[in-house]
There are 2 protein chains.
Amino acid sequence: MSESKLSEFDIIERYFKRPVTGVDIGIGDDAAVISPTPNMQLAVSTDTLVSGKHFFADTDPYKLGYKSLAVNLSDMAAMGAKPRWVTLSLTLSENLVESHPTWVSEFANGFLELAQTYQIALIGGDTTCGALNIGVQIIGEIEIMRCLRRDGAKPGDDIWVSGHLGGAALALKHLLQEIKLTQHEMDACLRALLTPTARVELGQRLVGLAHSAIDISDGLLADLGHILTSSKCAAVVTLEAVPCSTVMKQYMPSSLALECLLAGGDDYELCFTAPKKNRSEIERIAQLLQVPLVIIGEIKHGTGLSVIDTEGKAVTMVKKGYDHFAS
Amino acid sequence: MSESKLSEFDIIERYFKRPVTGVDIGIGDDAAVISPTPNMQLAVSTDTLVSGKHFFADTDPYKLGYKSLAVNLSDMAAMGAKPRWVTLSLTLSENLVESHPTWVSEFANGFLELAQTYQIALIGGDTTCGALNIGVQIIGEIEIMRCLRRDGAKPGDDIWVSGHLGGAALALKHLLQEIKLTQHEMDACLRALLTPTARVELGQRLVGLAHSAIDISDGLLADLGHILTSSKCAAVVTLEAVPCSTVMKQYMPSSLALECLLAGGDDYELCFTAPKKNRSEIERIAQLLQVPLVIIGEIKHGTGLSVIDTEGKAVTMVKKGYDHFAS
């Protein structure tokens, strides 16, 4: 059988079936069988990546495999859960498999290497034929009633953000030829876009310290907005406090930079809120994990999200965040 | 906001978020949170339906919603698991949403009504924009080490099949204009194709009685073949024993009928093997559930799958089963 005429069974067996632990029955039966740890809850999430919408068709398959898992890990991070098991639904075009015979193995390597980093088991796979579509479902474990939720923010909470924002959006603008980055700038931004670091350990350490959390996938304002809506609160964010990468700083405060920083998706950093009394403990975690964590604003009574500058003047934004079906 | 410009959040909120039980946090956070029953294992499976491959683009969305869940229920049935929770990754084309404004609500109704029948909670949803693609992930519960596996068949086992085979394949041949069924025949066959009944309760009752099981999604020979490969056994099947619907009987023994009966996919009946001593108990279950169960052959030592007629002559077949990537 040639590489270009792979059967579904071969694809799963050849590229995705590797020795795993923590699994009673893995790939190869009608379902996988797993034994959750006693006295834990499960966090379950799914995220799909579609060609032409979430990535360019010619994206390096290794990085695409990596990112497909990373964005799902990020959901676990936002819940404070420990990711354990993952399934993959891969829809591949025949054209892709024929024109790029190593695509599947490269994709699998990116996906499985990241899985191994976190000791996550790929327990089920479904491959089918059609427009390229990557569906990942992830299951994590959390102590009972200890997860980080969107609806727990309280007035007076600090609003924290991890890492730096906007890099992925800048890379995308470059790829769309809306701006021109230098090679050096592009390298830094592309890492954010293609191989984001999910804040898995940070999320778990924030359990008991943060009142609410979300991962920034649709843009800071949109995702913080979800916390506010769920928690029935308002927020004020200080623009200058929002963490910019070195590349981003050069573009500030242009409207393009504001858009990337506040409304750019795909950052996969965590935004969380916590009472002021937990500041020193959170700063200790930042040190321990070597993850930048900064306070960007405060949760208030009421509704709405205001971004102000250091003089207290409102910053106006047109685009709020990424929505797959918005016009 | 008009129906044709739905946002991702609206789609989930409006059509898929319904009151559910057995869920600690449902749709609307970064992940759902569930509490598995203590001392149970989990069965996890995923199945994807792609437009133009698994269904015609103009398929009734209610039935498509129903079937998307049914095929996943069928995997739970094949494990003997009780389905509990499900997530849905729905990739929708803008064109579909605009040209058929009620498509999503009809799809959701079909999906959720079947979910309610089995008291399964939809706990997570991801909607995105692209070529129509329906990914469903299902989680069920089973008693520890009691699940039905593919690799447990033993020489001497009876091979059983539930229901009738080939109806879905006949309907497909009609839709592809390879044959012409009467309206009455088509109604019966279309039910098999579009709204198959997953044998969920049967699967659970076979725990402890069957040595192995699989659901027939790719065709009897292909799926029984999976049992044989996993169990390192051979099998002999008697053609006349394979259960035909009334419609199918009229076409027997044409090569078309043989193909539909033995290699037609999409039946979602169960094929299982059990020791002869369990015959009467299995027949009692058939009575109780009002599900036809018949013995079609026997597991043997060795390798390979033979189909013979009542005179013991080998029946030859060209096409073995459905494979998404086969040429």
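Computed from a prediction, not measured in an experiment: that's the story for all the values here.

(A) Highlighting the packing of aromatic side chains. Residues and elements named next belong to chain A. By the definition in use, this model includes eight aromatic pairs over all chains. Ring centres of Trp160 and Phe272 lie 5.9 Å apart, and the angle between their planes is 0 degrees; on these two criteria the pair is classed as stacked. Highlighted residues: Trp160 in strand β6 (residues 158-162) and Phe272 in strand β9 (residues 270-274), separated in sequence by 112 residues. As far as the burial class goes, Trp160 and Phe272 line up, both buried. Members of the aromatic cluster, each reached through a chain of ring pairs, are Phe16, Trp103, Phe107 and Phe111.

(B) Layout of the sheet that holds strand β1 (residues 32-34) of chain B. Across the sheet, which stays open at both edges, the five strands sit in the order β4(A)-β3(A)-β5(A)-β2(A)-β1(B) with mixed pairing between neighbours. A single partner strand is all that each edge strand has here, and the edge strands are β4 (121-129) of chain A together with β1 of chain B. When strand polarity is set aside, the average angle formed by the axes of neighbouring strands in this sheet is 20 degrees. Summarising the sheet, strand β2 (residues 40-50) of chain A and β1(B) pair through three bridges and their orientation is antiparallel. Opposite Leu42(A), over in β1(B), you have Ile34(B) as the bridge partner. Helix α2 (residues 61-79) of chain A contacts β2, β3 (82-92) and β5 (133-143) of chain A together with β1 of chain B of the sheet and is inclined by roughly 145 degrees relative to β2(A).

(C) Structural context of the interface of chain B and chain A. Contacts between the two partners involve 64 residues from chain B and, on the opposite side, 64 residues from chain A. Interface of chain B and chain A: buried area, both sides summed, is about 5,000 Å²; carbon and sulfur atoms make up 58% of it. Our enumeration of links across chain B and chain A arrives at four salt bridges. Here Asp30(B) ties to Arg150(A) by a salt bridge, and the two come within 3.1 Å at their closest N and O atoms. For the pair chain B and chain A, the interface holds 26 residue pairs in polar contact (both at pLDDT 80 or more). No other element matches strand β2 (residues 40-50) of chain B, which puts ten residues into the side of chain B that touches chain A. In terms of residue class, the side of chain B that touches chain A is built from 30 nonpolar, 19 polar and 15 charged.

(D) Molecular detail of the relation of the copies chain B and chain A. Overlaying chain B on chain A yields an RMSD of 0.0 Å, the required transformation being a rotation through 180 degrees with an accompanying axial translation of 0.0 Å. The relationship between the two copies is best expressed as a two-fold rotation axis. Interface residue correspondence from chain B to chain A reaches 100%, placing this contact among same-surface, isologous pairings.

(E) View of the sheet that holds strand β11 (residues 304-308) of chain B. Residues and elements named next belong to chain B. Spatially, β7-β9-β6-β10-β8-β11 is the arrangement adopted by the six strands of the open sheet, whose pairing is mixed. Each edge of the open sheet carries a strand with a single partner, namely β7 (212-215) and β11. With strand direction ignored, the average angle separating the axes of adjacent strands in the sheet is 25 degrees. Strand contacts of helix α2 (residues 61-79): β7 and β9 (270-274), with the helix running at about 175 degrees to β7, the strand carrying the most contacts. Against the sheet, helix α11 (residues 279-289) contacts β6 (158-162), β9 and β10 (293-300), and its axis sits at roughly 0 degrees relative to β6.

(F) Local environment of the side chain of Arg150(B). Within the element layout of this structure, Arg150(B) appears in the loop between β5 (133-143) and β6. One polar contact links the side chain of Arg150(B) to the main-chain carbonyl oxygen of Gly28(A), over a distance of 3.2 Å. Within the structure, Arg150(B) has its side chain in polar contact with the side chain of Asp30(A) (distance 3.1 Å). Ignoring sequence-local partners within four residues, the contact set of Arg150(B) consists of Gly28(A), Asp29(A), Asp30(A), Ser212(B), Ala213(B), Ile214(B), His226(B), Ile227(B), Ser230(B) and Ser231(B).

(G) Fine view of the pattern of salt bridges. Counted by the stated rule, this structure contains 26 salt bridges over all chains. Residues Lys67(A) and Asp266(A) are paired through a salt bridge, measuring 2.8 Å at the closest nitrogen-oxygen approach. Within this pair, whereas Lys67(A) is found in helix α2, its partner Asp266(A) is found in the loop between α10 (255-263) and β9, the two being separated by 199 residues in sequence. Residue Arg284(A) is joined to Glu281(A) by a salt bridge in which the shortest nitrogen-to-oxygen separation is 3.1 Å. Of this pair, Arg284(A) and Glu281(A) are both found in helix α11 (residues 279-289), three residues apart, which corresponds to roughly one turn of the helix. Taken together, the shared-partner salt bridges in this structure form one network comprising Asp29(A), Asp30(A) and Arg150(B).

(H) A look at the environment of Phe107(B). Residues and elements named next belong to chain B. For Phe107, the location among the structural elements is in helix α4 (residues 103-117). When the C-alpha atoms of Phe107 and Thr238 are compared, they prove to be 40 Å apart, with 131 residues separating the residues in sequence. Excluding its chain neighbours within four sequence positions, the residues that come into contact with Phe107 are Phe16, Pro61, Tyr62, Leu64, Gly65, Ser68, Leu88, Leu90 and Ile134.

(I) Looking closely at the state of the cysteines. Residues and elements named next belong to chain B. Per the stated rule, a full pass over the model turns up zero disulfides over all chains. Its sulfur unpaired, Cys147 is 17 Å from the next cysteine sulfur, which belongs to Cys271. Its relative accessible area of 14% is what places Cys147 among the buried residues. Among the cysteines around Cys260, which has no disulfide bond, Cys189 carries the closest sulfur, lying 8.7 Å off. Overall, Cys260 belongs to the buried group, its relative accessible area being 1%.

(J) Layout of the packing of helix α5 (residues 167-175) of chain B against helix α10 (residues 255-263) of chain B. Residue and element names in this part refer to chain B. The contact between α5 and α10 brings their axes to 7 Å, and the two run at 125 degrees. With respect to each other, α5 and α10 are oriented oblique. Considering the relative orientation of α5 and α10, their crossing is right-handed. Across from Ala169, Leu170 and Lys173 in α5, the residues of α10 making contact are Leu256, Glu259 and Cys260. Split by residue class, the contact of α5 with α10 holds four nonpolar, no polar and two charged.

(K) Inspection of the confidence of the model for chain A at higher detail. Residue and element names in this part refer to chain A. Scored by pLDDT, chain A has a mean of 91; 94% of the residues are at 70 or more. Within the model, pLDDT remains below 50 along residues 1-5, and this stretch shows twelve contacts once partners closer than five positions in the same chain are excluded. Interface confidence in the predicted complex, given as ipTM, is 0.91; pTM for the same model is 0.92.

Rules behind the numbers
Residues numbered from 1 in each chain as written. Chains lettered and ligands numbered in written order. Predicted model: local features only at pLDDT ≥ 70, side-chain atom pairs only at ≥ 80, totals over all residues. Heavy atoms only, no water. Phe/Tyr/Trp six-rings, centres within 6.5 Å; stacked < 30°, edge-to-face > 60°. Helix = DSSP H or I, 4+ residues; strand = E, 2+ residues; numbered from the N terminus. Buried < 20%, exposed > 50% of the residue type's maximum accessible area, 1.4 Å probe, protein only. Pairing = 2+ DSSP bridges. Axes fitted to C-alpha atoms, helices over the stretch in contact; angles between N-to-C directions. Contact = heavy atoms within 4.5 Å. Buried area = accessible area lost by both parts, 1.4 Å probe. Salt bridge = Lys/Arg side-chain N within 4 Å of Asp/Glu carboxyl O. Polar contact = N/O pair within 3.5 Å; in protein donor to acceptor, adjacent residues only side chain to side chain. Nonpolar A, V, L, I, M, F, W, Y, C, P; charged D, E, K, R; others polar. Least-squares fit on C-alpha atoms with pLDDT ≥ 70 in both. Disulfide = S-S within 2.5 Å. Parallel < 35°, antiparallel > 145°, perpendicular 65-115°, else oblique. Left-handed = near helix turned anticlockwise from the far one by under 90°. pLDDT = per-residue confidence, 0-100.

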